[in-house]
Amino acid sequence: MVKIAIVLGSTRPGRSGEAVARWVYDAAAKRNDAQFELVDIADYNLPLLDEPVPPSMGQYSKDHTRRWAAKIAEFDGYVFVTPEYNHGPSAALKNALDYVYAEWNNKAAGFVGYGSAGGTRAVEQLRLVMAELQIATVRSQVALSLFADFENFSVFRPSPHHEQPLTTMFDQLISWSQAMKSTRERENLEQYRS
């Protein structure tokens, strides 16, 4: 069974993302085709990238980096719950993505965005980042509007019509995560033989 992280991509005090991530997790917990864990980047206290060697070299020198790398390595796929700040994802999420490299490779990702335009522009930018990290992204995504899915722009009350795209995103993500897991296992076996 694949293991999927629901990554809460905001560290801002008073963030709306906590309620959104909990909603995603609660929907995921009803499924029996994958294991899910909520991963809050705020719990890792990552400073602005402070590793002296590029992450692609895998030579992590800081304890916070090694802790983050170990957590990310546990998963076969990810759901990124992302706010949209100034037409892009949060700096905290981008920073967390940049910290490690091999731990992301050959895995799959889906997205739940929120913001004035449903977080769609943040997700568009994240798809470019995912390609460089060798993460396959699924097509279906959830776009939550601050105008329609939050009372007074703060209390999360998602419209029921979001349940179907969320289910579709999970279906695609789990399927792709299984396929990418097979790819990683095949590559590991080839490396072992050589």
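Here, every reference points to the structure presented above.
Residues numbered from 1 in each chain as written. Predicted model: local features only at pLDDT ≥ 70, side-chain atom pairs only at ≥ 80, totals over all residues. Heavy atoms only, no water.

Student: Got a minute to help me understand the overall build of the chain in this structure?
Tutor: A tally of helices and strands in the chain yields five helices and seven strands. Reading the secondary structure of the chain in the N-to-C direction produces β-α-β-α-β-α-β-α-β-β-β-α. The C-alpha atoms of the chain give 16 Å as radius of gyration, which agrees with the globular expectation for 194 residues (16 Å, within 12%). Taken over the C-alpha atoms alone, the chain extends approximately 55 × 35 × 25 Å along its principal axes. For the chain, buried positions account for 47% of its 194 residues. Taking contacts inside the chain between residues at least 6 apart in sequence as the whole, the part at least 24 apart equals 80%. Carbon and sulfur atoms provide 50% of the accessible area of the chain, an area that totals close to 9,700 Å². (Helix = DSSP H or I, 4+ residues; strand = E, 2+ residues; numbered from the N terminus. Rg over C-alpha atoms; globule rule 2.2 N^0.38 Å. Buried < 20%, exposed > 50% of the residue type's maximum accessible area, 1.4 Å probe, protein only. Contact = heavy atoms within 4.5 Å. Areas by Shrake-Rupley, 256 points an atom, 1.4 Å probe, with all protein chains shown as cover.)

Student: What should I look at first to understand helix α3 (residues 91-99) in this one?
Tutor: One turn of the α-helix equals 3.6 residues, which is why residues spaced by three or four share an orientation. Looking only at α3, the buried set comprises Leu93, Asn95, Ala96, Leu97 and Tyr99. On its buried face, α3 is in contact with β1 (2-8), α2 (63-73), β3 (77-83) and α4 (120-132).

Student: What should I look at first to understand α2 in this one?
Tutor: Of all the residues in α2, the buried ones are Thr65, Trp68, Ala69, Lys71 and Ile72. Projected onto a plane normal to the axis of α2, the buried residues spread over an arc of 165 degrees and lie on a single side. (Arc of directions from axis to C-beta.)

Student: I would appreciate a short explanation of the pattern of salt bridges in the present structure.
Tutor: Opposite charge on two side chains permits them to pair, given that their charged atoms come into close proximity. According to the stated counting rule, one finds 13 salt bridges in the structure shown. Close ionic contact of Asp171 with Arg31 constitutes a salt bridge, the shortest N to O distance being 2.6 Å. Here Arg31 lies in the loop between α1 (17-28) and β2 (34-40) and Asp171 lies in helix α5 (residues 163-193), a separation of 140 residues in the sequence. Taking the relative accessible area as the measure of exposure, Asp171 reaches 39% and is therefore partly exposed. Exposure remark for Arg31: the relative accessible area of 19% places this residue in the buried category. For the salt bridge of Arg121 with Glu84, the shortest nitrogen-to-oxygen distance reads 2.5 Å. (Salt bridge = Lys/Arg side-chain N within 4 Å of Asp/Glu carboxyl O.)

Student: Could you clarify how one ought to interpret the nonpolar core in this entry?
Tutor: Side chains of nonpolar character tend, in soluble globular proteins, to be buried together. The biggest cluster of nonpolar side chains holds 28 residues, and the ones touching the most others in it are Trp68, Tyr78, Phe80, Leu97, Val100, Trp104 and Met130. Those residues in contact with Tyr78 that lie beyond four places of it in its chain are Ile4, Ala5, Val7, Ile72, Glu103, Trp104, Lys107, Ala108, Ala109, Gly110 and Leu173. Listed in part, the 27 residues of the second largest apolar core include Ala21, Ala34, Val81 and Met169. (Core = buried A, V, L, I, M, F, W, Y, C linked by side-chain atoms within 4.5 Å.)

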